[in-house]
Amino acid sequence: MDNDAYVWQRRWTPAVTAAMSDSADLVRTWRVLAADVAPDGKWSDAAPALPALAAAGRPAIMVLRFDGRVDGLRDAEIHARIAALRDSWQRAGIALAGVEIDYDCATSKLPAYTRFLAGLRARLDPSISLSITALPTWLDSPALAALLAIPDESVLQVHAVLSPTRGLFDAKRAQAWLDAYAVQTRKPWRVALPAYGSRVAWDDEGRIAAVESEQPALMPGGRSAELLVTPAEMAAFVSRIEDRRPPGLAGIVWFRLPTRVDARAWSLPTWRAVLARQPLRPALSVSAQAAAGGARDLILANAGDADAALPFAVRLDGACAAADGINGYTLERDGLGIYLRRAQEGLLHAGAQRNIGWIRCEHEPTNLHVQP
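Residues numbered from 1 in each chain as written. Predicted model: local features only at pLDDT ≥ 70, side-chain atom pairs only at ≥ 80, totals over all residues. Heavy atoms only, no water.

Once that is clear, we can look at the packing of helix H1 (residues 14-23) against helix H8 (residues 268-275). Interaxial distance between H1 and H8 falls to 11 Å at its minimum, and their mutual angle equals 35 degrees. When you trace H1 past H8, the crossing you get is right-handed. Here H1 contributes Ala19, Asp22 and Ser23 to the contact with H8, which in turn contributes Leu268, Trp271 and Arg272. Residues of the contact of H1 with H8, tallied by class, amount to three nonpolar, one polar and two charged. (Axes fitted to C-alpha atoms, helices over the stretch in contact; angles between N-to-C directions. Helix = DSSP H or I, 4+ residues; strand = E, 2+ residues; numbered from the N terminus. Left-handed = near helix turned anticlockwise from the far one by under 90°. Contact = heavy atoms within 4.5 Å. Nonpolar A, V, L, I, M, F, W, Y, C, P; charged D, E, K, R; others polar.)

To continue, consider the sheet that holds strand S16 (residues 313-316). Across the sheet, four strands lie side by side as S18-S19-S16-S22; this open sheet has antiparallel pairing. A strand with exactly one partner marks an edge of an open sheet, and here the two such strands are strand S18 (329-334) and strand S22 (368-371). Strand-to-strand, the axes of this sheet are offset by a mean angle of 25 degrees, without reference to chain direction. When S16 meets S22, the two strands line up antiparallel, connected through four bridges. Bridging from a neighbouring strand, Ala313 pairs with Gln371 of S22. (Pairing = 2+ DSSP bridges.)

The next point concerns the pattern of salt bridges. What the rule picks out here adds up to 20 salt bridges. Across the pair Asp25 and Arg272 runs a salt bridge whose closest N-O atoms are separated by 2.7 Å. Placement of Asp25 in the loop between H1 and strand S2 (30-37) and of Arg272 in helix H8 is noted, with a sequence separation of 247 residues between them. Arg244 is the salt-bridge partner of Asp179, the closest N and O atoms lying 3.6 Å from each other. Placement of the pair is Asp179 in helix H6 (residues 171-184) and Arg244 in the loop between helix H7 (231-243) and strand S12 (249-255), with a sequence separation of 65 residues. Judged by its relative accessible area of 29%, Asp179 falls in the partly exposed class. (Salt bridge = Lys/Arg side-chain N within 4 Å of Asp/Glu carboxyl O. Buried < 20%, exposed > 50% of the residue type's maximum accessible area, 1.4 Å probe, protein only.)

Another aspect to go through is the packing of aromatic side chains. This model, assessed by the stated rule, comprises 12 aromatic pairs. Relative to Phe237, the ring of Phe169 lies with its centre 5.2 Å away and its plane at 80 degrees, an arrangement referred to as edge-to-face. Of the two residues, Phe169 sits in the loop between strand S7 (153-157) and H6 while Phe237 sits in helix H7, which places them 68 residues apart along the sequence. Per residue, the accessibility class of Phe169 equals that of Phe237, and both read buried. Joined through ring pairs, the aromatic side chains of Trp43, Phe66, Tyr103, Tyr113, Phe116 and Trp138 make up one cluster. (Phe/Tyr/Trp six-rings, centres within 6.5 Å; stacked < 30°, edge-to-face > 60°.)

With that settled, the discussion passes to H6. What sets the pattern is the α-helix's 3.6 residues per turn: residues three or four places apart point alike. Its 14 residues give H6 an end-to-end C-alpha distance of 20 Å, which sits within 8% of 20 Å, the value for a rise of 1.5 Å per residue. Among the residues of H6, Ala174, Gln175, Trp177, Leu178, Tyr181 and Ala182 are the ones counted as buried. Down the axis of H6, the buried side of the element spans an arc of 160 degrees, and every buried residue falls inside it. Opposite the packed face of H6, turned more than 90 degrees from it, sit the exposed residues Lys172 and Val183. Contacts from the buried residues of H6 go to strand S6 (129-134), helix H5 (144-148), S7, strand S8 (189-194), H7 and S12. (Expected span 1.5 Å × (residues − 1). Arc of directions from axis to C-beta.)

Looking now at helix H4 (residues 110-123). For H4, built from 14 residues, the straight-helix expectation of 20 Å at 1.5 Å per residue is met to within 8% by its first-to-last C-alpha distance of 20 Å. Within H4, burial applies to Leu110, Tyr113, Thr114, Phe116, Leu117, Leu120 and Arg121. Summarising the axial view, the buried residues of H4 lie within an arc of 165 degrees, below the 170-degree limit, and thus occupy one face. Turned more than 90 degrees away from the buried face of H4, the exposed residues are Arg115 and Ala122.

Let us look at the environment of Asp262. As for its position among the elements, Asp262 is in the loop between S12 and H8. With a relative accessible area of 6%, Asp262 lands in the buried category. Taking C-alpha positions, Asp262 is 9.0 Å from Ala15, a pair spaced 247 residues apart along the chain. Within the structure, the side chain of Asp262 is placed 3.0 Å from the side chain of Arg256, a separation counted as a polar contact. (Polar contact = N/O pair within 3.5 Å; in protein donor to acceptor, adjacent residues only side chain to side chain.)

Glancing now at the packing of H6 against H7. Put simply, H6 and H7 touch, their axes get as near as 11 Å, and they point 30 degrees apart. By the angle class used here, H6 and H7 are roughly parallel. Along this stretch, H6 crosses H7, giving a crossing that reads as right-handed. Contacts from Ala171, Ala174, Gln175 and Leu178 of H6 reach H7 at Phe237, Arg240 and Ile241. Here the contact of H6 with H7 is built from residues that sort into five nonpolar, one polar and one charged. (Parallel < 35°, antiparallel > 145°, perpendicular 65-115°, else oblique.)

Before going further, it helps to spend a moment on the pairing of S16. Neither face of S16 is open: one carries Ala313 and Arg315, the other Val314 and Leu316, and all of them are buried. Relative to strand S19 (residues 337-342), S16 is paired through three bridges, and the arrangement is antiparallel. Within S19, the residue paired with Val314 across the bridge is Leu340.

Further remarks concern the sheet that holds strand S21 (residues 353-361). In any sheet, the strands associate via hydrogen bonds between backbone groups, in a parallel or an antiparallel arrangement. Overall, antiparallel pairing links the four strands, which are arranged S13-S14-S21-S17 in an open sheet. Two strands in the sheet have a free side with no partner beyond their single neighbour: strand S13 (284-290) and strand S17 (320-325). Ignoring strand direction, the axes of neighbouring strands in this sheet form an average angle of 25 degrees. By the bridge criterion, six bridges tie strand S14 (residues 296-302) to S21 in an arrangement that is antiparallel. By the bridge assignment, Ala301 is partnered in S21 with Gln353.

Listed below in structure tokens is the structure:
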């Protein structure tokens, strides 16, 4: 299936333009965040670098995102904004393929959303395709079929749609949503799949206090968790839906374009391998390297060509007087001795390494066992 990609960055750094250049050969269309609207109706321009977008050499879809708490979509204002953006994009030499509305509205608002989309479709130039994002929570609504009849295509989001306590992505649930969605629409549609992770923090009352993804966030104390889906899991899911493609499913839209400075996204080489349906071959190992004061640092390395999930545990076979874990690992003991246990899930990029602890032993351990 075709691969599209969301370019969701709000700062177009050299890393963003480099990632677009390095992956344009595998991407059919860029879906670029152009502007978003806060719950109070205030607009914020994402200000993509138009010369860089034009140079990326692929058609682009401008995406307007509306917070799901926005009460109503003001037709004339939105159409005027789209027209101004369209003119500036076309002057920059961008091949504008369409407009996408990203509005995670409540299911009860679907009839009003349908009326808005009908008016927008009538105002848009017929040569400009109209697409929308869709949520699995809409699947049981009798208003969904009428809504999906308006845009030229839709994108079903199956990641980060449930409570963070239930993870970022569930393959079995996503497959059920795809099958149900195919029954609801007669237009071409795509599925949005994740190529990133997030860290979520909760306050003492159990409410979400912060979410850190492509941008650093001030994370409060208390409970937090890393939410991620590994490249291997996602590659297996893609293989299954390509083998048994639901009716109308035209392709995949990846969220989001990874860059070399995006710590919670897959590495660009791994993302390219998944897009090209190539085998993924991570290779994890741990070594003890001399450090100050007679200690040894424990270095976890990935010498493979694909990102790997951090291993659950690393066992030591030597008698050590002192040890500790760092960077997401803690020291534990059981009947077999001491080991480092993963405290937070995460990925180790291909070619990268991480210091996960230190040891001070009478004799250097002869074996450091990685337990997935």
